[in-house]
Number of protein chains: 4
Amino acid sequence: MSNLIGNRFRVLVFGQSHAPSIGAVIEGLPAGFAPDWDAVSAFMARRAPGGSALSTARREADAPEILSGLNERGETCGAPLAMRIVNGDARSRDYEKLRDVPRPGHADYPAGVKFAGHNDIRGGGQFSGRLTAPLCFAGALAMQLLAREGVRVRAHIAQIENVFDAPMDFAKPNLDAIAAEGLPVVDSAAGARMENAILQAKAEGDSVGGVIECFTAGLPAGLGEPMFDGVENRLARALWGIPAVRGVEFGAGFAAAGMRGSAHNDAYRVEDGRVVTQTNRHGGILGGITTGMPIIVRAAIKPTPSIAKTQESVSLSRNENETLTVDGRHDPCIVPRAVPCVEAVVAMALYDLLLERS
Amino acid sequence: MSNLIGNRFRVLVFGQSHAPSIGAVIEGLPAGFAPDWDAVSAFMARRAPGGSALSTARREADAPEILSGLNERGETCGAPLAMRIVNGDARSRDYEKLRDVPRPGHADYPAGVKFAGHNDIRGGGQFSGRLTAPLCFAGALAMQLLAREGVRVRAHIAQIENVFDAPMDFAKPNLDAIAAEGLPVVDSAAGARMENAILQAKAEGDSVGGVIECFTAGLPAGLGEPMFDGVENRLARALWGIPAVRGVEFGAGFAAAGMRGSAHNDAYRVEDGRVVTQTNRHGGILGGITTGMPIIVRAAIKPTPSIAKTQESVSLSRNENETLTVDGRHDPCIVPRAVPCVEAVVAMALYDLLLERS
Amino acid sequence: MSNLIGNRFRVLVFGQSHAPSIGAVIEGLPAGFAPDWDAVSAFMARRAPGGSALSTARREADAPEILSGLNERGETCGAPLAMRIVNGDARSRDYEKLRDVPRPGHADYPAGVKFAGHNDIRGGGQFSGRLTAPLCFAGALAMQLLAREGVRVRAHIAQIENVFDAPMDFAKPNLDAIAAEGLPVVDSAAGARMENAILQAKAEGDSVGGVIECFTAGLPAGLGEPMFDGVENRLARALWGIPAVRGVEFGAGFAAAGMRGSAHNDAYRVEDGRVVTQTNRHGGILGGITTGMPIIVRAAIKPTPSIAKTQESVSLSRNENETLTVDGRHDPCIVPRAVPCVEAVVAMALYDLLLERS
Amino acid sequence: MSNLIGNRFRVLVFGQSHAPSIGAVIEGLPAGFAPDWDAVSAFMARRAPGGSALSTARREADAPEILSGLNERGETCGAPLAMRIVNGDARSRDYEKLRDVPRPGHADYPAGVKFAGHNDIRGGGQFSGRLTAPLCFAGALAMQLLAREGVRVRAHIAQIENVFDAPMDFAKPNLDAIAAEGLPVVDSAAGARMENAILQAKAEGDSVGGVIECFTAGLPAGLGEPMFDGVENRLARALWGIPAVRGVEFGAGFAAAGMRGSAHNDAYRVEDGRVVTQTNRHGGILGGITTGMPIIVRAAIKPTPSIAKTQESVSLSRNENETLTVDGRHDPCIVPRAVPCVEAVVAMALYDLLLERS
């Protein structure tokens, strides 16, 4: 099922931007779990738009409505937990035009080919970033279940356009150093420059991309299955479920390509009676299996394709060149809102791995 | 099944470096297909070691033996095609030592934790790069089936350590410009510098990493499924089945993070009656679906962790620090041999996508 | 996903009897399909209770509400079709007692063990027959899509307690001979005796079981995959998704065990230029693959476990024997309402097979 | 993968009757398991032909050769366990004739349609009962792993043609009462009559079918997943992987259709401090979940379709009626050899369920 992810903790996402609802169905929650709904709401609020000048003006209550999966005491009961979010505040526009003149950088054209013109073009349909709201719901539950096992997941914005956050210590990252308010960065001055970069792009009718770097803490060694079900395989498959991701790397990542083995290998040592590596260029994963060191994964986020500037496109009906000006409400940069999405899918994948531990 | 990949064209890989055999079982081959076995051998020979000073001295005939799946005329018959490669030329060594003192950068330690010390430590066991031989077998078949549909897959070495091949045109890559002999590069002078970098590292008892960039030609628009089964999700999951991959990116990849939307979006235009993009920073995929432009995917390969230099490790039995000197035959750089592996898994994933087309 | 079935046409069911909603998410519908919603409602009405003295007094509107999956023209758009049915008319009762004293023949006890007492005990929770309503929704869509391919699915009640319907011709079943009104039988006199058997059991505070026999028409030869994905494997897995099924057989079924090969084999012959079998004891399937003859599958339905008579059970809290009298509204026989459920899951499985045809 | 079964204990079967090999690849074995290979051979010998006048004269050594999955100490190492059996003693015959004139009751015709005439017709190809040898290998391993958990699986022949074994006590079956030598029956006199029925059919160039009834002991309550992954769904899917199965039923099975609820429900009681049912018409499963009572499952096996008598068929090339006389070596009754196959797939499915227990 292409909208489904996970082996033991399984999440199916449904919906389109302007359908009556979006939602998720979750299998594999342990029975007897009473979620902290306030924490779920707080987590989802980090993704929700409308909070600042940095994001779209569209306001979504995004209040999840539970359809099934709880018993009369409000605990998970072993049945799938289904939820939906009612889509409101959707503006009707001239969608027929978008069917004819696809937006550069969007799924309009390939989806139109794939679905022979029957795809839901309204607000991006099933390709909308709005579909990450149910992912955040599921991720918020996974985080609570991971917390029971002493596992944390936290991401910061490592880069916006050409502004970089301060580097974090790979071997001993301080997750609490990431700002809980405003942009999630370690270096508040860098955060201020990132905001400026976003506002500058917005002012020019343009958009910017960035990089999100995610860390774990407390994950045991020995998780992950060989070859195609290793930790990287799963995290990568999950991360590419977030629209706009263009690259994924672990530990030293692409920088490893330029290194010597002697500079890249992480030496082992015994520390407080535990086996650790002195450095963490391997990003917590060797052979697809966790080493007990923090997982470090980065995702490159492309600049939002919806920009105010006039762009070159084609008219599919006339099979000739055409220009396009996209109006509507759009984020000049989705990186800040994508941070909880990255945390969510990483948490989902890790909780799934924990459940698979034999 | 963690050693299995594919929805319609399914490949299961088995074996360990020093087990009696390694092999693969393939489901989803069309019945009546008579493979060109010479082409399969030629493709597999590109991955096989022993060919030059650039790779390990271990020699493997790597001759695939068909166990099942063909009818009396040598055509696929609808039953799974099973094959094996008999492991020969395996040297016995002191494996107990490796169980105790794990090699930095290898799966020894996390696999030992995962399998409670029962993992096959000989030659890296199931984590050995040798497991990519059956992948190349399956990929060679996928390539022949793709060729029937007019689809090609070809990769070059984009980088070795700090040497870069000439850039290729993303919108109109010339796959035939990649050298068929020697290192697969576009710029032979760069290739010579790459060889020098490898030999230099080897001379110093060290190793180097690199980047492989893969292109497709002839792939139609409209392939790929939404959210978690998009083209990137699948290619990434497949690519991380190759040991030593540390990053995967599509099109502009991580560079997109530093760009404005207006610079990153690829404008559409009509060319020879067909809708194309003028540039190809999107790497042939939007919303997880092919646009009909060439797919461009890059994989970062870490430097081989097995180096001759003495390294710091630990003794697990004594729970104290220990030094380790790894002998044996090792590649100073696996990037050249990984090129056909990348082509193979990309071909497998794309043929799978073609079969899924509804 | 245990609530999910199908390879290409995939249906996920969620909900509990007294949860806010029950529903389904469907992947694999062809884009551009505009369902006949009246036909869907008519099909679902055949399963709905409240229609006669033969079934429970609980009334359910069972009106499906579409959550996602349609474009602005009401056609399927390639995104998952999600639907829900709001649960109404649920009576609150003393569920704590049922947690303690499990009903014989129900899932109360094993589910309580499995979910450590957190299972939703209200109205049978996720084990309720009510979950077949979304299955009928999905099946109704599958039937419309099968009809496009000239395929029909129709079942009759072959047996209620000790009353048998007239046998149908396996080689050339007349699906139109099955009554569209009242009990779905071929022999109306047998139907009347079945009604009597049900009413007699009801009057005695008891229940009765039966057998449902399902036929296809128009299905081509060559569908089904070898070994574990043959037509029987899939139909059986699907049919056991309907609560109360205790046996499944194809063609001659268990009667084949008492036959000689010469009496059981179906001879081939050419008829109107087509290869057919003269008889159809094989039930349209050989080696897991369709032969082009009608599929014949029978499902045994156990008598409803909820009966008014006092029964022997145990108190789990006191770990001692206890008697139990179940009140509430219950069907004295669920066989008539299970007929569309059997048709639904058979249709779902067959449409899935058609989509898999390479 | 259609030749693959299992969620956590996964078995993939490959091969054709006259291919170089048949075999299996198994994932999910716990690391560090040292199989008792003599017990595996003894179990497989129960399925092997050549032992008596009751079965085919084809002799197969059926010695399994391990290809991978063990470490240097002969223990499972976490990698897939791959094995093969070399096919020997295969007689070449005029297969082209069988491609043209399909055998009644065999997969020849539908497989020919499905694979457009490319199917392996030799010895039944992938549809041969010979493919159950790797299943028995996997089942033998599952049985050893189940034994560690105190779980046993044992089947007897309940019926051959019109001869029935003595009934066993469903609530407290004595598995040791089943004969270990000769036909696996409880009543040796019935066994003698079954042998006569088989020999009588053989003498007449005919064949007979039968019923196999399988019991478990020691299985805990609470195994199985809701709806489509319940114990019946899985056991049924697995059992239909054995060629010639035409029906599957649990507990009272089809007989439940003729019963009242008051006669069918199994009352609970406390016995020796444990909750049990007094009778076991439910066959150890309610709502798809084990109750802790013995599982009782029966499979109907059709009479071998290969009979010496001349039969009516068609010539596909001439599209006209034709007669067919099948020579070769065939079992007059495969039921005795199918008994270990039933035990094997039941053991595989149950061990899988045990591993899934959360």
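Residues numbered from 1 in each chain as written. Chains lettered and ligands numbered in written order. Predicted model: local features only at pLDDT ≥ 70, side-chain atom pairs only at ≥ 80, totals over all residues. Heavy atoms only, no water.

(A) Seen up close, the side chain of C:Arg130. Topologically, C:Arg130 is positioned in the loop between helix 3 (108-114) and helix 4 (132-148). Within the local environment of C:Arg130, its side chain forms a polar contact with the side chain of C:Asn87, the two groups lying 2.6 Å apart. (Helix = DSSP H or I, 4+ residues; strand = E, 2+ residues; numbered from the N terminus. Polar contact = N/O pair within 3.5 Å; in protein donor to acceptor, adjacent residues only side chain to side chain.)

(B) Up close: the packing of helix 4 of chain C against helix 8 (residues 335-356) of chain C. Residue and element names in this part refer to chain C. Contact pair helix 4 / helix 8: the axes reach a minimum separation of 7 Å and the direction vectors enclose 50°. With respect to helix 8, the element helix 4 is oriented oblique. Considering the relative orientation of helix 4 and helix 8, their crossing is left-handed. Taking contact as the criterion, the partners of Thr132, Leu135, Cys136, Ala138, Gly139, Ala142, Met143, Leu145 and Leu146 in helix 4 are, on helix 8, Pro340, Cys341, Glu343, Ala344, Val345, Ala347, Met348, Leu350, Tyr351 and Leu354. (Axes fitted to C-alpha atoms, helices over the stretch in contact; angles between N-to-C directions. Parallel < 35°, antiparallel > 145°, perpendicular 65-115°, else oblique. Left-handed = near helix turned anticlockwise from the far one by under 90°. Contact = heavy atoms within 4.5 Å.)

(C) Layout of the relation of the copies chain B and chain D. When chain B is fitted to chain D, the best match, at an RMSD of 0.0 Å, comes from turning it 180° and sliding it 0.0 Å along the axis. Read as a symmetry element, the transformation amounts to a two-fold axis. A shared interface surface links the copies, since 100% of the contact residues of chain B are contact residues in chain D too. (Least-squares fit on C-alpha atoms with pLDDT ≥ 70 in both.)

(D) Representation of the interface of chain B and chain D in the model. In this complex, chain B contributes 43 residues to the contact, which on the side of chain D involves 43 residues. With both sides pooled, the region where chain B packs onto chain D buries about 3,300 Å², and carbon together with sulfur makes up 55% of that total. If you look at where chain B meets chain D, you find four salt bridges. The salt bridge involving B:Arg99 is made with D:Glu72; its shortest N-O contact spans 3.0 Å. At the boundary of chain B and chain D, one finds 24 residue pairs in polar contact (both at pLDDT 80 or more). Looking at which element gives the most residues to the side of chain B that touches chain D, the answer is strand 2 (residues 10-15) of chain B, with five residues. Here the side of chain B that touches chain D is built from residues that sort into 17 nonpolar, 15 polar and eleven charged. (Buried area = accessible area lost by both parts, 1.4 Å probe. Salt bridge = Lys/Arg side-chain N within 4 Å of Asp/Glu carboxyl O. Nonpolar A, V, L, I, M, F, W, Y, C, P; charged D, E, K, R; others polar.)

(E) Focus on the interface of chain B and chain A. Contacts between the two partners involve 98 residues from chain B and, on the opposite side, 99 residues from chain A. A per-residue breakdown of the area chain B buries against chain A is headed by B:Phe228, B:Arg246 and B:Arg260, which together make up 12% of the total. With a closest N to O distance of 3.0 Å, B:Lys114 and A:Glu225 form a salt bridge. Along the contact surface separating chain B from chain A lie 49 residue pairs in polar contact (both at pLDDT 80 or more).

(F) Region of the structure containing the relation of the copies chain B and chain A. When chain B is fitted to chain A, the best match, at an RMSD of 0.0 Å, comes from turning it 180° and sliding it 0.0 Å along the axis. A share of 100% of interface residues in chain B that are also interface residues in chain A marks the association as one of identical surfaces.

(G) Geometry of the sheet that holds strand 1 (residues 4-5) of chain D. Residue and element names in this part refer to chain D. Here five strands make up an open sheet; going across it, the order is 1-2-3-5-4 and the pairing antiparallel. In the strand order of this sheet, the two ends are held by strand 1 and strand 4 (65-68), each with one partner. Relative to strand 2 (residues 10-15), strand 1 runs antiparallel, the two being bridged by two bridges. Across the sheet, residue Ile5 finds its bridge partner in strand 2, namely Val11. Each of strand 2, strand 3 (21-27), strand 4 and strand 5 (81-86) is contacted by helix 4 (residues 132-148), which is oriented at about 30° to strand 3, the strand it contacts most. (Pairing = 2+ DSSP bridges.)

(H) Quick look at the side chain of A:Asp229. Residues and elements named next belong to chain A. Note on placement: Asp229 falls in the loop between strand 8 (210-217) and helix 6 (231-239). You can call Asp229 buried: its relative accessible area is 10%. Here Asn7 takes part through its side chain, which lies 3.3 Å from a polar atom of the side chain of Asp229. (Buried < 20%, exposed > 50% of the residue type's maximum accessible area, 1.4 Å probe, protein only.)

(I) Molecular detail of helix 4 of chain C. Along its 17 residues, helix 4 of chain C runs 24 Å from first to last C-alpha, staying within 8% of the 24 Å computed at 1.5 Å per residue. Remark: C:Gly150 follows helix 4 of chain C within two positions and exhibits a positive phi of approximately 80°. (Expected span 1.5 Å × (residues − 1).)

(J) Local environment of the pattern of salt bridges. By the definition in use, this model includes 112 salt bridges over all chains. Note that B:Asp352 is salt-bridged to B:Arg234, the shortest N-O span being 3.3 Å. Of this pair, B:Asp352 sits in helix 8 (residues 335-356) while B:Arg234 sits in helix 6 (residues 231-239), placing them 118 residues apart in sequence. Taking the relative accessible area as the measure of exposure, B:Arg234 reaches 9% and is therefore buried. One salt bridge connects C:Arg84 with C:Glu65, and the closest N-O pair in it is separated by 3.0 Å.

(K) Spatial organisation of the environment of D:Pro226. Along the chain, D:Pro226 turns up in the loop between strand 8 (210-217) and helix 6 (231-239). Here the alpha-carbon distance between D:Pro226 and D:Gly287, two residues 61 residues apart in the chain, equals 7.3 Å. In contact with D:Pro226, other than residues within four places in its own chain, are C:Ser2, C:Asn3 and C:Gln126.

(L) Inspection of the packing of helix 1 (residues 37-47) of chain C against helix 8 of chain C at higher detail. Residue and element names in this part refer to chain C. Where helix 1 meets helix 8, the closest approach of the two axes is 6 Å, and the angle between their N-to-C directions is 130°. The angle between helix 1 and helix 8 falls in the class oblique. In this structure, helix 1 contributes Phe43, Arg46 and Arg47 to the contact, and helix 8 contributes Arg337, Val339, Pro340, Cys341, Glu343 and Ala344.

The values are spatial; any link to function lies outside them.
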